[in-house]
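Observations on chain architecture
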There are 4 protein chains.
Amino acid sequence: MRSPTAILQLICPDRPALVSELSGWVAANGGNIRHADHHTDADAGLFLSRIEWELEGFGLPREAIAPAVRALATRLGGEGQLHLSDVTTTAAIFVSRQDHALVDLLWRTRAGELPMRVPLVVANHPQLQAVAEGFGARFVHVPIGPDNRAEAEDRQLELLAEHGIELVVLAKYMQVVTPRFLERVNAGGPHRVINIHHSFLPAFQGAQPYHRAWERGVKLIGATAHYVTEELDAGPIIEQATVHVSHRDEVDDLIRKGRDTERLALSRAVRLHLRRQVMVYRGRTAVFD
Amino acid sequence: MRSPTAILQLICPDRPALVSELSGWVAANGGNIRHADHHTDADAGLFLSRIEWELEGFGLPREAIAPAVRALATRLGGEGQLHLSDVTTTAAIFVSRQDHALVDLLWRTRAGELPMRVPLVVANHPQLQAVAEGFGARFVHVPIGPDNRAEAEDRQLELLAEHGIELVVLAKYMQVVTPRFLERVNAGGPHRVINIHHSFLPAFQGAQPYHRAWERGVKLIGATAHYVTEELDAGPIIEQATVHVSHRDEVDDLIRKGRDTERLALSRAVRLHLRRQVMVYRGRTAVFD
Amino acid sequence: MRSPTAILQLICPDRPALVSELSGWVAANGGNIRHADHHTDADAGLFLSRIEWELEGFGLPREAIAPAVRALATRLGGEGQLHLSDVTTTAAIFVSRQDHALVDLLWRTRAGELPMRVPLVVANHPQLQAVAEGFGARFVHVPIGPDNRAEAEDRQLELLAEHGIELVVLAKYMQVVTPRFLERVNAGGPHRVINIHHSFLPAFQGAQPYHRAWERGVKLIGATAHYVTEELDAGPIIEQATVHVSHRDEVDDLIRKGRDTERLALSRAVRLHLRRQVMVYRGRTAVFD
Amino acid sequence: MRSPTAILQLICPDRPALVSELSGWVAANGGNIRHADHHTDADAGLFLSRIEWELEGFGLPREAIAPAVRALATRLGGEGQLHLSDVTTTAAIFVSRQDHALVDLLWRTRAGELPMRVPLVVANHPQLQAVAEGFGARFVHVPIGPDNRAEAEDRQLELLAEHGIELVVLAKYMQVVTPRFLERVNAGGPHRVINIHHSFLPAFQGAQPYHRAWERGVKLIGATAHYVTEELDAGPIIEQATVHVSHRDEVDDLIRKGRDTERLALSRAVRLHLRRQVMVYRGRTAVFD
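Here goes a summary of the coordinates provided.

Rules and cut-offs
- Residues numbered from 1 in each chain as written.
- Chains lettered and ligands numbered in written order.
- Predicted model: local features only at pLDDT ≥ 70, side-chain atom pairs only at ≥ 80, totals over all residues.
- Heavy atoms only, no water.
- Contact = heavy atoms within 4.5 Å.
- Buried area = accessible area lost by both parts, 1.4 Å probe.
- Polar contact = N/O pair within 3.5 Å; in protein donor to acceptor, adjacent residues only side chain to side chain.
- Helix = DSSP H or I, 4+ residues; strand = E, 2+ residues; numbered from the N terminus.
- Nonpolar A, V, L, I, M, F, W, Y, C, P; charged D, E, K, R; others polar.
- Pairing = 2+ DSSP bridges.
- Axes fitted to C-alpha atoms, helices over the stretch in contact; angles between N-to-C directions.
- Phe/Tyr/Trp six-rings, centres within 6.5 Å; stacked < 30°, edge-to-face > 60°.
- Lys NZ or Arg CZ within 6 Å of the ring centre and 35° of its normal.
- Parallel < 35°, antiparallel > 145°, perpendicular 65-115°, else oblique.
- Left-handed = near helix turned anticlockwise from the far one by under 90°.

To continue, consider the interface of chain B and chain D. On the chain D side, the residues contacting the 21 residues of chain B number 21 residues. The contact between chain B and chain D buries some 2000 Å² in all, and 40% of this surface belongs to carbon and sulfur atoms. At the boundary of chain B and chain D, one finds ten residue pairs in polar contact (both at pLDDT 80 or more). Those elements giving two or more residues to the side of chain B that touches chain D turn out to be α3 (100-110) and α8 (251-274) of chain B. At eight residues, the largest contribution of residues to the side of chain B that touches chain D is made by α8 of chain B. Taken together, the residues of the side of chain B that touches chain D break down into four nonpolar, one polar and 16 charged.

What follows is the structure in structure tokens.
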């Protein structure tokens, strides 16, 4: 097993010697860097850094690292986040009736590919109860519609609070989430909701994308995993995948192939997020993989 | 070398026994089928067929095959086209200033990958003269703009007529072609103009797609080769390709990677067209590859 | 839902008019062809054909079609097989300790992607009992080793007979199967055992392929789904898939990525097999997709 | 245009604080880091680093940087190399009769995709003279065979010396290069010869790989770009690519598709090398892309 690490993600205005300053700070505290990746966006004048170092032998006590990181970020005029790799993220999965993304996420979690715990599955339909419970998650059916959206979201937020949820994965959850819901979920930290979009964004937005792709006779279809923001389908893209199709594929073949790209893109995105390899700035992501 | 073949492409209303009737017609004339591929679009009630048979030993004389095919198609209430594989298609390539697609097409033609002759390159800029002439093509500079579009197109059409052009490939030709131009080129037969679109259609239409893709932070970019129809960028898609990009790629990296996908998608589309593996119906294609 | 079809797969010596003869036979019996695909291997002098037609309205009664197909094949000096699409294939899955391929196959079967029934999972280890039973399959633990191979295989063959198994899928079954076992399973028809090989054949055969791939620093790893024949890892290839890796991937990342390619390649291969889109000749396959 | 940078590649035994020490050294000399990437191979106990910083404003004069880097590397017990991005690498391309890789490399060089100069093309056949000269390179025909290998290599080495060649690209050069040749070329620095191998290594080594792939019925073919070492086809892999094939592809289709993968893999590998994104250690590469 790999030994536990601390992961620092920092965004600040670019200026000389930042790499040296950050790695110097780690070294000064006795940390041994395992990975370090940096990116400068010259247009934006921004510096992004992800540094991962061994917890073992690090000079600061666990509980002191986060405050120290905040002080460091403040000194640099930016924002920093700390994650300890031995702290498992607690996630909820939201679904409707389709189970392909749910099964894939739960299976990968059980197989150790996704460093998270999934105590809770929330659904606006009752069908997937057995699947969720088969993997040991609590399944809660929260019907939702135009008439009860506010109350239903209140119930969802209660459930998230009850389970200490830090990440919500919309795994083919066929309902919009409101700005108010997002704001409440992201109160604990930014970018805590990930969605899988049934298309290669920005293409074929809206309903029945596979029907429209079929009519247009496209030769590739795709899927896009992204953070959810207030603007529908415009959140920062984490991962995209495509697959070849042909005139021999009927609409239901496109749907089947689409499912494969959806679950691959979503599980990769969740893994990148959980390992803190994704940084968001100016509506886009840097993915340090 | 493969021996020459006749290729029949036929679209007609679907009904029982069409495969038998078509292959029976070939057999009755002594033809040996090398490839046969059929597709039924149940929604449209259409039957599409591509049959390729050896010319050697075929009972009908060369010049009698096309009329016989027309009679057969009429009898089936559809439309048929005949192509003899030893008749090389004569093509013109239209370009502006970028040479990547042009060089790729000319090199593949010389290498024997694309069964066509390219006697003519037409450009609205003068820069690519040496490239075209280096591959033995005539280069004609026809400046075109809002003020002289009609006259410039007349000049282009004259050149096409002079060289007996049967296929026009828009290889990063950064000008729209008018309905009138299309109508005149397609007078000799349908779908004679192929374009490479700098995007994974239907995404990022319009100017500077790579800048917009960069801003959006997409993780894949693509290109689309399609037949040109009157509606801009909505012609039947022949081939699409994508390539991965990351936050480390600047806009000019996206442009460089885009060039690779563009030339791959375009050359594949031209090859499929030349080998008569593409059939168009209801605004989409069936590609028998 | 698509209406049921009959699928004829035929291999015979090539000669003129075979397409016409086959499609004429279907038409003469009132069949409406939905798909027809043919391939000629000129070197081998062989003709391969797959024809699929609507059962509805076909003139021969169900039970008379197979004998008629056999007579037809004999007349052409070849071999024919008939499959009716509304007859679901009964399959057994053999596993050891890894569950990724098993879960994928069972989930896809339940989701309707794989037209088969899986009443039986056989394992040489006990760990996957709950997984198999969760999907409604009987799980039988048959320990096997150098000392009891013959008896263990007898037990396996008994189980296959008891459940009327027509297809055995080795889904990360880490034991060799003997020529005797193969012969017995294939007694009911050829090519009834499919395996997923942990490598992009013919590369890195043998034990610990991911370790060897890592040492060599390859940039792509892959997986190969193939029919099992007496010669180890040399059976006809049905499907292959690859995925990019980098120096940042540790051996266990390669294993994780390998699992994804394995299950994708295997499920595609099984689907192609079940839909009778695979034909085997001279140690290789033609895949009519 | 991007402003010029200095690129440091360093390999040394791993120990704490190396990232800090290296970036501190850059900062102490007034350098602004644009990219920094590090990799630790725990098994080998090695630390690899690639740091790229702006030349503008750097405190050391150009000619003093390389000696300073050597001193730094010595202090760390490792090996370092310095490259200035405004110093264009001088390369020779070796070919035989096939031109696809040659044309691609020369075109990309002219298009600005590959930061190198190619004053020299060496061939053991005369056919590609016009191609090389069309791109402004000197073409020298050096026939080579079992009887004159030593003299021919002497002539090649003379030519390399005459043109100050720092990189030799074997672009479908169908001759082995001897250990003596390699030693002489690599005398100026390690890993100066790149080859494109007509296969997805380690598969189908030897002659006529596409014929063997066809016989085996593989569904993917590939190509491998690698540094050349004394052991044939076992040099460190830089880049690999694959493409799908089917039973419909004849051997010459495999060759055509293979050409596309070969030239893509080779040009990517050369670009990675020229930008000093490749580091070699223990017979494998780390590619910082």
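The subject of this paragraph is the sheet that holds strand β10 (residues 220-227) of chain D. All names here are of chain D. Pairing is mixed in the open sheet, where seven strands are placed in the order β7-β6-β5-β8-β9-β10-β11. Only two strands of the sheet have a single partner each, and these edge strands are β7 (138-141) and β11 (237-244). Averaged over neighbouring strand pairs, the angle between their axes works out to 20° when direction is ignored. By the bridge criterion, six bridges tie strand β5 (residues 89-95) to strand β6 (residues 116-123) in an arrangement that is parallel.

Before going further, it helps to spend a moment on the packing of aromatic side chains. The final tally for this structure, using the stated rule, is 20 aromatic pairs over all chains. An aromatic cluster is present here, built from W25, W53 and F58 of chain A joined pairwise through their rings. One Lys or Arg, R284 of chain A, reaches over the ring of W214 of chain B and ends 3.8 Å from the middle of that ring.

What follows deals with the packing of helix α3 (residues 100-110) of chain D against helix α8 (residues 251-274) of chain D. Residues and elements named next belong to chain D. Contact geometry for α3 and α8: axes closest at 9 Å, N-to-C directions at 40°. Relative to α8, α3 is oriented oblique. Here the hand of the crossing between α3 and α8 comes out right-handed. Contact with α3, carried on its side by H100, A101, D104, L105 and R108, involves R259, E262, R263, L264, L266, S267 and V270 of α8 and no other residues of that element. Here the residues of the contact of α3 with α8 are counted per class, giving five nonpolar, two polar and five charged.

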